[in-house]
Amino acid sequence: DPVQAPDFTKCGDAHDVATGALLDAKCCPPLPDKIIDYEIPKFEVLRKRPAAHMASKEQVAKYEKAIQAMRDLDTSHPEDPRGFMQQANIHCAYCNGAHDQVGNYDKLDLQVHNSWLFFPFHRWYLYFYERILGSLINDPTFALPFWNWDNPKGMTLPPIFDKSSSPLYDEKRDPKNNGSAIVDLTFSGSTDPLQLVANNLSSIYSEMVRSVSTTTDFVGKPYCAGSKPSPGGGSSENGSHTGIHWWVGTKEPTGPNKFNEDMGNFYSAGRDPVFYCHHSNVDRMWTIWRDVVQTDIPKDITSSNYLNAEFLFYDENKRLVRVKAGDCFDQRKLGYDYDRVDLPWLNYRP
Ligand code: C2O
């Protein structure tokens, strides 16, 4: 059977799913009075997500204004599910065992990572996050930028996140990795920019093309009702996705049971605004794998255990809605798409 939507009324303590260690984080969502089966609303204009390093002044100004409005809710209405910390806590709750699996599996932590739920969960998460941002600034075309780390021009922390006066800034990052430092997707430890660019391109080629011989190699291993957490992530989740989290987060403990904040740990990753911009690119890589990469492998898993896996999110109208993994495969049907940019890794065979 598919994994069912969690029961928010039973939300418990956040802990490390692998070790059980309790975390100093409270991440349960507000309780709703009802749950609505989500219907994708009609839209007139497709939201076009821009590359963060190419976003126009106007796009950046809107983004900053929307994130500031979200942050303001933390102080004015801390229980508002659209607030910045509430949004960050979604990640903690779905990834640090605050939610158990529903059914007769309440001893099993729900963990959406390291499995085939990774892409659909994060797509829906960003979908509502983007709609909330747009609605806070009354712009139904607002689109979340993507961190274009698969292109050499995007292989630094996007400069818009690097100004301490901006609402897009986060203090808890590795101070070495701002400015012109090149991302290290392969944990190589190299400091040679040309070497890093070459490593990054070849590892993206590998995780998108060369090392993928089955659908689950790319999307992750089956995770169903009753499955133990973390059956195994897909090539992209395990590769560039994790590489960026690790690269951005601090490498020093920030307190007892506090490591790698903010980006390098599940419970805190969503507290860095760059998380959503990073995941916008992770999501974009999924669209490129489906639309651009040429292969005979089926692009989508057709098992009902996958298609009918469920999640709950608060939408931009503060309604708690239930969505299914199988309803999110086509981003254009959800009302957004990505600006086209070069794919220099696509024919990168070192
Ligand atoms: Cu939910 Cu990038 O992790």
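Sequence positions are assigned chain by chain, starting from 1 and proceeding in written order. Totals for whole chains, interfaces and linings use every residue, but because this is a predicted model, local features are given only for residues with pLDDT of at least 70 and side-chain atom pairs only at 80 or more, for both listing and counting.

## Quick look at unusual backbone geometry
The linkage connecting Glu261 with the following residue, Asp262, adopts the cis geometry, with an omega of -15°. In this text, helices come from DSSP runs of H or I with a minimum length of four residues, and strands from runs of E with a minimum of two, each type numbered from the N-terminal end. Inspection of the secondary structure puts Asp262 in the loop between α6 (235–248) and α7 (266–269). The residue Phe187 is not glycine, and still its phi comes out positive at about 55°. Of note, Phe187 is situated in the loop between α3 (118–136) and α4 (193–210). In this scheme every C-beta is placed from the backbone, and a residue whose C-beta has 20 or more other C-beta atoms within 10 Å is buried, one with 12 or fewer is exposed, and one in between is partly exposed. Classification of Phe187 as exposed rests on a count of 12 C-beta atoms within 10 Å.

## Here's the deal with the nonpolar core
Joined through C-beta atoms within 7 Å, a set of buried Ala, Val, Leu, Ile, Met, Phe, Trp, Tyr and Cys residues constitutes a nonpolar core. Membership of the largest hydrophobic core comes to 91 residues, with the highest contact counts inside it found for Cys92, Leu117, Phe121, Trp124, Tyr125, Phe128 and Phe313. The leading source of residues in this core is α3, at eleven residues. Any two residues are considered in contact once their C-beta atoms, placed from the backbone, lie within 7 Å. Setting aside residues no more than four positions away along its own chain, Leu117 makes contact with Val3, Val112, Tyr223, Ala309 and Ala325.

## Structural notes on the confidence of the model for the chain
Across the chain, pLDDT averages 96, with 99% of residues at or above 70. Both confidence scores are given for the complex: pTM 0.98, ipTM 0.99. The quantity known as pLDDT measures the predictor's confidence residue by residue, on a range of 0 to 100.

## Here's the deal with the environment of Thr186
Among the structural elements, Thr186 can be located in the loop between α3 and α4. With 14 residues separating them in the primary sequence, Thr186 and Asn200 have C-alpha atoms 6.8 Å apart. The contacts of Thr186, once residues within four sequence positions are left out, are Asn199, Ser203 and Gly243.

## Concerning the packing of α3 against helix α8 (residues 274–291)
Angles run from 0 to 180 degrees between N-to-C directions of axes, and those axes are lines fitted to C-alpha atoms, restricted for helices to the stretch in contact. At their nearest, the axes of α3 and α8 sit 10 Å apart, and the two run at 125° to each other. Between α3 and α8, the angle falls in the class oblique. By crossing handedness, the relation of α3 to α8 is classed as left-handed. Two secondary-structure elements touch here, α3 through Phe119, His122, Arg123, Leu126 and Tyr129 and α8 through Tyr276, His279, Ser280, Val282, Asp283 and Trp286. Geometric relationships in this document are graded by angle, where less than 35 degrees denotes roughly parallel, more than 145 denotes roughly antiparallel, 65 to 115 denotes roughly perpendicular, and other angles denote oblique. Working rule for handedness: look at the near helix, and if it is turned counterclockwise from the far one by less than a right angle, call the crossing left-handed; if clockwise, right-handed.

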